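Here are the chains, one letter per residue:
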Amino acid sequence: MRIIAGTARGVRLGPVPNGVRPTSDRVREAVFNSLGQFFDGGEVLDLYAGTGALGIEALSRGYERAVFVEINNRAAGVVRENLVRAGFAERGEVLRGGVEGELERLVASGRKFHLIFADPPYRIPPKEIGDVVDRLAALLSPGGRAVIESRHPPVWDTDIMKGESRRYGGTFVTFLERSEEHLVKLAICPGSFDPITVGHVDVINRAAHIYDHVIVAVGKNVRKGPRLTVEERARLIGKVTGLMENVSVEIMDGLLVEFARERGATVVIKGLRAGSDFESEFQQSQLNRTLYPKFETVFIMAAAEHSFLSSSAVREIASYGGSVHGLVPDEILDIVQRLYVDGQAEKSNKG
Ligand code: PNS
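Predicted model only: the values in this text are computed from it and were never measured. (Residues numbered from 1 in each chain as written. Predicted model: local features only at pLDDT ≥ 70, side-chain atom pairs only at ≥ 80, totals over all residues. Heavy atoms only, no water.)

Side note on the overall build of the chain
Across its full length, the chain holds eleven helices and twelve strands. Its C-alpha atoms give the chain principal-axis dimensions of about 75 × 40 × 35 Å. Counting across all 351 residues of the chain, residues that qualify as buried make up 49%. Counted over contacts in the chain with a minimum sequence separation of 6, partners at least 24 positions apart contribute 70%. (Helix = DSSP H or I, 4+ residues; strand = E, 2+ residues; numbered from the N terminus. Buried < 20%, exposed > 50% of the residue type's maximum accessible area, 1.4 Å probe, protein only. Contact = heavy atoms within 4.5 Å.)

Digging into the nonpolar core
Proteins that are soluble and globular tend to have nonpolar side chains buried together. Grouped together as the largest cluster of nonpolar side chains are 36 residues, with contacts concentrated most on I196, I204, I269, V324 and V336. Per element, the largest residue contribution to this core is six residues, and it comes from helix α6 (residues 198–210). Once residues lying within four places of it in the same chain are set aside, the contact partners of I196 are V201, I204, L236, I237, V240, V328, P329 and I332. Counting 31 residues, the second-largest nonpolar core is a separate cluster that includes A8, V31, F39 and F88. (Core = buried A, V, L, I, M, F, W, Y, C linked by side-chain atoms within 4.5 Å.)

Some thoughts on the sheet that holds strand β3 (residues 92–96)
Here we have seven strands laid out as an open sheet, ordered β3-β2-β1-β4-β5-β7-β6, and mixed in their pairing. Only two strands of the sheet have a single neighbouring strand rather than two, namely β3 and β6 (161–168). Between one strand axis and the next, the sheet turns by 15 degrees as a mean value, whatever way the strands run. Bridge count between strand β2 (residues 65–70) and β3: five bridges; the pairing is parallel. Bridging from a neighbouring strand, A66 pairs with G92 of β3. Running over the sheet, helix α5 (residues 126–136) touches β1 (43–47), β4 (113–118), β5 (140–150), β6 and β7 (171–178) and is turned about 165 degrees from β5. (Pairing = 2+ DSSP bridges. Axes fitted to C-alpha atoms, helices over the stretch in contact; angles between N-to-C directions.)

Here we look at the site of the ligand
Taken together, 13 residues form the shell around the ligand, and within it G191, S192, K224, L255 and L256 come nearest. Interatomic distance of 2.4 Å between a side-chain N/O atom of S192 and an oxygen atom of the ligand. Protein burial of the ligand: of its 550 Å² of free accessible surface, 81% is covered by the chains. Counted by class, the shell around the ligand contains five nonpolar, five polar and three charged residues. (Near = heavy atom within 4 Å. Polar contact = N/O pair within 3.5 Å; in protein donor to acceptor, adjacent residues only side chain to side chain. Areas by Shrake-Rupley, 256 points an atom, 1.4 Å probe, with all protein chains shown as cover. Nonpolar A, V, L, I, M, F, W, Y, C, P; charged D, E, K, R; others polar.)

Topic: the sheet that holds strand β10 (residues 247–252)
Pairing is parallel across the open sheet formed by five strands, whose spatial order is β10-β9-β8-β11-β12. Both outer strands of the open sheet, β10 and β12 (296–301), are each paired with one neighbouring strand and no more. Strand-to-strand, the axes of this sheet are offset by a mean angle of 30 degrees, without reference to chain direction. In the sheet, strand β11 (residues 267–272) pairs with β12 via six bridges, with the strands oriented parallel.

Side note on the packing of aromatic side chains
Two aromatic rings, taken as a pair, are described by how far apart their centres are and by the angle between their planes. Across all of its chains, the model carries five aromatic pairs by this definition. A ring pair is formed by F39 and Y63, whose centres lie 4.7 Å apart and whose planes are at 45 degrees; its orientation type is tilted. Here F39, found in the loop between α1 (25–35) and β1, pairs with Y63, found in the loop between α2 (53–60) and β2; they are 24 residues apart in sequence, far enough to count as distant. The exposure class assigned to F39 is buried, which follows from its relative accessible area of 16%. Linked through ring pairs, F32, F39, Y63 and F117 together constitute an aromatic cluster. Residue placement shows R21 over the ring face of Y122; its charged tip is 3.6 Å from the ring centre. (Phe/Tyr/Trp six-rings, centres within 6.5 Å; stacked < 30°, edge-to-face > 60°. Lys NZ or Arg CZ within 6 Å of the ring centre and 35° of its normal.)

Notes on the side chain of E102
As for its position among the elements, E102 is in helix α4 (residues 99–108). Engagement of the side chain of E102 in a polar contact is seen with the side chain of R105, the distance being 3.1 Å. Apart from the residues lying within four places of it in its own chain, the contact partners of E102 are V69, L95, R96 and G97.

Below is the structure:
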């Protein structure tokens, strides 16, 4: 068996271990004819991996990373060996375990995949395969696809997955896609929020009217060296957004693009106050798109009455004991006055 196309085209895969039924070249070819020949990044999950031929073919054709699940010890070893043969040792992860248990762990860890292959042993009844299909919905990122190989077309319950089965000799291949109408339109609203101001709240509120769900992402290690810990900043935001039904608050420890990717989000909301914000926002949005091409930054223009307002101004006023009434939400006014007062002039001039 060889890799059919892509960067590892022609690489011969290791011998098929006993008890493993590899996907025939014809079916592999047909699968990639339907999915598209080449890909631009993304994560693939190969369940009942066997030799790993499907996941490795996907890596060769442009997927960035692959996770393989295989219960058979020898087969898991063959997958690892095949990854090395193809030059993809760094891009593949082999989980040795049963599909049910590994699916549970993957769902619990919040992992999302753009493509899932499942090639269960033919002895598994269609209903049981249908149960696996039902679980895959939680692991597919928006627009993600799953390909199931089976002796009989599977029967699944969830209407989140739409698809059709095609017959290739004695094998049915079922192509599924997470249907768009069930996708939650998710947006991330990132920032230092040191502290959250009424300007931020206005932007979050307006974003929450446009998107199904908004995650406020509080940067842990932000460039400016925040005065409050990330937990304190997140707590203040929680007090202010607690009544907004479709807004949640999370701590972001690392790159914004990774935070977004892990949550299956491609939209990030930023508030723009004046032209002076533009330079830095433009640069960040371009860099983020270089790191994650699907990433879109959507700007919401600050309300005129907030265009002068910044967290750094709030910090400076509060640090001298001045009143920040009207600049931060009433719910956190007392806490902000107390936490930021220290008589030290703020050095940073933006935020
Ligand atoms: O409120 P701020 O200070 O303008 O927010 C800046 C924030 C948190 C959005 C930015 O620092 C950020 O995205 N940090 C995460 C790390 C990251 O992805 N850096 C690369 C950005 S180009």
